[in-house]
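So the chains spell out like this:
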Amino acid sequence: MRIQLSRQALLSELRAQVKDLSEQNLLACYQCGKCSAGCPSIEAMDVMPSQIIRWVQLGQIETALKSKTIWLCASCQTCKVRCPRSVDLARIMEALRQLVLRENVNYVHPNMISSEDLEELPQIALIANFRKFTP
Ligand code: SF4
Ligand code: SF4
């Protein structure tokens, strides 16, 4: 994937919002990849967690917002524990999700869930799902 580097992207409002919401030093990451190597959700993700923070560092927030990875992060904190720079990637993922949800966009809509699944899935799982994926 080609990305366009620019001063404008680095100073963008969206990037500043990710920094503020996550309260993380985005530049601390030096791309060692230990977060991605230990992530239990990585097989389902479309890009690695370390790629997400790289995009954020470079101001490519719109690209990060389009990835499935930010929604599949389970906030398990494994990456934070493994990170030699103490970056809390789960908080960055959460900040990115917040940017989408604040636009009143549902990542999962109740109508997307089949009636069979609604009957079979535990209610607690559905509630957790809607807390995470809907505004
Ligand atoms: S483990 Fe930390 S420093 Fe290494 S790539 Fe992940 S966020 Fe960056
Ligand atoms: S917090 Fe998210 S990105 Fe980090 S290891 Fe867990 S699932 Fe992967």
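You'll find the structure just up there.
What counts as what
- Per chain, residues are indexed from 1 in the order of the written sequence.
- Key to labels: chains lettered from A, ligands numbered from 1, both in the order written.
- Residue-level local features of this predicted model are given only where pLDDT is at least 70; pairs of side-chain atoms are given and counted only at 80 or more, and the full residue set underlies all totals for whole chains, interfaces and linings.
- Values shown for side chains rest on all heavy atoms present in the structure; no hydrogens or waters enter the calculation.
- In these notes, residues near a molecule or strand are those with any non-hydrogen atom within 4 Å of it.
- Think of it this way: any DSSP run of H or I at least four residues long counts as a helix, any run of E at least two long counts as a strand, and we number them from the N terminus.
- Only Asp, Glu, Lys and Arg are considered charged, only Ala, Val, Leu, Ile, Met, Phe, Trp, Tyr, Cys and Pro nonpolar, and every remaining residue, Gly among them, polar.
- Each Phe, Tyr or Trp ring (for Trp, its six-membered ring) is paired with any other whose centre lies within 6.5 Å, and the angle between the two planes then decides the class: stacked below 30 degrees, edge-to-face above 60, tilted in between.
- Sitting over a ring, as applied to charges here, requires NZ of Lys or CZ of Arg to be within 6 Å of the ring centre and within 35 degrees of the ring normal.
- Think of a salt bridge as a Lys or Arg side-chain nitrogen and an Asp or Glu carboxyl oxygen that are within 4 Å of each other.
- For every residue, the accessible area obtained with a 1.4 Å probe (protein chains only) is divided by the maximum for its type, and the residue is called buried under 20%, exposed over 50%, and partly exposed between those limits.
- For helices, the axis comes from a line fit to the C-alpha atoms of the stretch in contact; other axes are also lines fit to C-alpha atoms, and the angle between any two N-to-C directions lies between 0 and 180 degrees.
- Each angle gets one of four labels, with under 35 degrees taken as roughly parallel, over 145 as roughly antiparallel, 65 to 115 as roughly perpendicular, and the rest as oblique.
- We call a crossing left-handed when the near helix sits turned anticlockwise from the far one by less than a right angle, and right-handed when that turn is clockwise.
- The contact criterion used is simple: two residues touch if any of their non-hydrogen atoms lie within 4.5 Å.

### Brief notes about the site of ligand 2
Inference 1: Among the 13 residues in the neighbourhood of ligand 2, the closest are listed as Cys39, Cys73, Ala74, Cys76 and Cys79.
Inference 2: Of all the elements in the fold, those that place two or more residues in the shell around ligand 2 are α7 (78-82) and α8 (89-101).
Inference 3: Considering only residue class, the shell around ligand 2 consists of nine nonpolar, four polar and no charged.

### Notes on the packing of aromatic side chains
Inference 1: Scanning all chains against the criterion turns up three aromatic pairs.
Inference 2: Both rings, one in tryptophan 71 and one in tyrosine 107, keep their centres 4.2 Å apart while their planes meet at 5°; by these two values the pair is stacked. Here the residue tryptophan 71 occupies a position in helix α6 (residues 69-72), and tyrosine 107 occupies one in the loop between α8 and α9 (115-120), the gap between them amounting to 36 residues.
Inference 3: A ring pair is formed by tyrosine 107 and phenylalanine 133, whose centres lie 5.5 Å apart and whose planes are at 50°; its orientation type is tilted. One end of the pair, tyrosine 107, is in the loop between α8 and α9; the other, phenylalanine 133, is in helix α10 (residues 123-133), and 26 residues separate them in sequence.
Inference 4: Joined through ring pairs, the aromatic side chains of Trp71, Tyr107 and Phe133 make up one cluster.
Inference 5: In this structure, arginine 85 is placed above the aromatic ring of tyrosine 30, and the distance from its NZ or CZ to the ring centre is 5.9 Å.

### Remarks on the pattern of salt bridges
Note on pairing: side chains with opposite charge can pair once their charged atoms come close.
Inference 1: Summed over the entire model, instances satisfying the criterion amount to three salt bridges.
Inference 2: A salt bridge links aspartate 88 to lysine 80, with the shortest nitrogen-to-oxygen separation between them at 3.8 Å.
Inference 3: Relative accessible area serves as the criterion here: at 6%, aspartate 88 is assigned to the buried category.
Inference 4: Of the charged contacts, one joins glutamate 94 and arginine 97 as a salt bridge, the two residues approaching to 2.6 Å between their closest N and O atoms. Within this pair, glutamate 94 and its partner arginine 97 are both found in helix α8, separated by three residues, close to a single helical turn.

### Some details on the site of ligand 1
Inference 1: Every residue close to ligand 1 is listed here: Cys29, Tyr30, Gln31, Cys32, Gly33, Lys34, Cys35, Ser50, Cys83, Pro84, Arg85 and Val87.
Inference 2: For the shell around ligand 1, the residue count by class is seven nonpolar, three polar and two charged.

### Points about the packing of helix α2 (residues 13-22) against α8
Inference 1: Across the interface, α2 lies against α8 with an axial gap of 8 Å and an inter-helix angle of 125°. By the criterion of interaxial angle, the relationship of α2 to α8 is oblique. In this structure, the crossing between α2 and α8 has a hand that is right-handed. Facing Leu14, Gln17, Val18, Leu21 and Ser22 of α2, the residues of α8 in contact are Arg91, Ile92, Ala95, Leu96, Gln98 and Leu99.
Inference 2: Split into classes, the residues belonging to the contact of α2 with α8 amount to seven nonpolar, three polar and one charged.

Keep in mind these values describe shape, not function.
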